[in-house]
Structure formats: structure tokens, C-alpha cells
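Each chain, written out:
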Amino acid sequence: QARLVESGGGLVQAGGSLRLSCVASGLTFGIYDMGWYRQAPGKERELVARITSGHTTNYADSVKGRFTISRDNGKNTVYLQMNSLKPEDTAVYYCKADTLRLSTILDYWGQGTQVTVSS
């Protein structure tokens, strides 16, 4: 049974930094593309950053230059380094793993971790 567990969220002042971690188990981590998504109250869940199995990255325009996604396949972990945080970054952050297998997308979500940025 695949499982993703996020950690590292919390309360931080604007301009501060946080590092989120997502540890995966029960899956072959190296073949999965990994992503961080967030959902603010009353808003839809949105992609924040993504890193493929080949380590190609992409970011939402709103976080480019401030957030960095990385992965450590030896530790089955994906990270999101968040710098220069803004109040509008406040949301629940979710980790997602997905891969294409036999024309079927397999995807798994973590339970989320709250990030709150105070002004």
C-alpha cells in the first residue's frame, strides 16, 4: 500500500522560510513524478511545483524564484524549500506521486501539511 507523509509545515512570518518534506513508502519512488500542490480556503487545489523521475522541474508562476523542489531517491523523499514566504502562500500543502503504467495513471496523495504565513 503506497503512502505519502508530509511534514515541515507551520506558522512563519512573511519573508521567512520553511522546508517541506514528503516521505514515500510502498512504491518504487524513482519511477514516480512528484509534485507539491496547495489548497487555500475557498480555493481549488493548485500545482505549486513538480519534479519528474528524470529530475526535470516546473513551477507555478507565483512561486518561481522563491520555491525549490528537489528529490532524494535514496531516501524516497521529495522536498519543497520555500523562501520569501508571503501571506498568500498560506494553504494546506499536499504531496502527490504519479506515474504511467500500462496506459493507466497511478497516483497517490499525502494527507497534507498546513503552512500559515502571517503578515
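See the structure above.
These numbers come from a predicted model, not from an experiment. (Residues numbered from 1 in each chain as written. Predicted model: local features only at pLDDT ≥ 70, side-chain atom pairs only at ≥ 80, totals over all residues. Heavy atoms only, no water.)

Draft legend 1. Summary view of the overall build of the chain. Summing up its helical and strand segments, the chain has zero helices and eleven strands in all. In the chain, the order of α-helices and β-strands from amino to carboxyl end is β-β-β-β-β-β-β-β-β-β-β. The C-alpha atoms of the chain give a radius of gyration of 14 Å, which matches the 14 Å a tight globule of 119 residues would have. Across the 119 residues of the chain, 43% fall into the buried class. When the accessible surface of the chain is split by element, carbon and sulfur atoms take 47% of a total near 6200 Å². With 13 positive and 10 negative side-chain charges, the chain shows a spacing of 4 Å between the two charge centroids. (Helix = DSSP H or I, 4+ residues; strand = E, 2+ residues; numbered from the N terminus. Rg over C-alpha atoms; globule rule 2.2 N^0.38 Å. Buried < 20%, exposed > 50% of the residue type's maximum accessible area, 1.4 Å probe, protein only. Areas by Shrake-Rupley, 256 points an atom, 1.4 Å probe, with all protein chains shown as cover. Lys, Arg positive; Asp, Glu negative; His and termini not counted. Charge placed at Lys NZ, Arg CZ, Asp CG, Glu CD.)

Draft legend 2. How the structure looks around the pattern of salt bridges. On inspection of all chains with the given rule, the structure shows seven salt bridges. Residue R38 pairs with E46 through a salt bridge whose shortest N-O separation is 2.7 Å. Under the relative-accessibility criterion, R38 is labelled buried at 6%. (Salt bridge = Lys/Arg side-chain N within 4 Å of Asp/Glu carboxyl O.)

Draft legend 3. Region of interest: the packing of aromatic side chains. Taken as a whole and assessed by the stated rule, the structure comprises three aromatic pairs. Ring plane angle 85° and centroid distance 6.5 Å describe the contact between Y94 and W109, whose orientation is recorded as edge-to-face. With a gap of 15 residues between them, Y94 in strand β9 (residues 91–101) and W109 in strand β10 (residues 104–109) connect regions that are remote in the sequence. Residue Y94 is classed as buried on the basis of its relative accessible area of 14%. In this structure W109 comes out as partly exposed when scored by relative accessible area, which is 34%. Taken together, the ring pairs in this structure connect Y37, Y94 and W109 into an aromatic cluster. (Phe/Tyr/Trp six-rings, centres within 6.5 Å; stacked < 30°, edge-to-face > 60°.)

Draft legend 4. Structural view of the nonpolar core. M34, W36, V78, L80, M82 and Y93 are the most contacted members of the largest nonpolar core, which has 30 residues in total. Elements represented by at least two residues in this core include exactly β3 (18–25), β4 (33–39), β5 (46–51), β7 (67–72), β8 (77–82), β9 and β11 (113–118). (Core = buried A, V, L, I, M, F, W, Y, C linked by side-chain atoms within 4.5 Å.)

Draft legend 5. Expanded view of the sheet that holds β7. Read from one edge to the other, the open sheet built from four strands follows the order β1-β3-β8-β7, with strand pairing classed as antiparallel. Looking at which strands have only one partner, the edges of the open sheet turn out to be β1 (3–7) and β7. Each strand of the sheet is rotated relative to its neighbour by a mean of 15°, with strand direction disregarded. By the bridge criterion, six bridges tie β3 to β8 in an arrangement that is antiparallel. Paired with V23 across the two strands is T77, which belongs to β8. (Pairing = 2+ DSSP bridges. Axes fitted to C-alpha atoms, helices over the stretch in contact; angles between N-to-C directions.)

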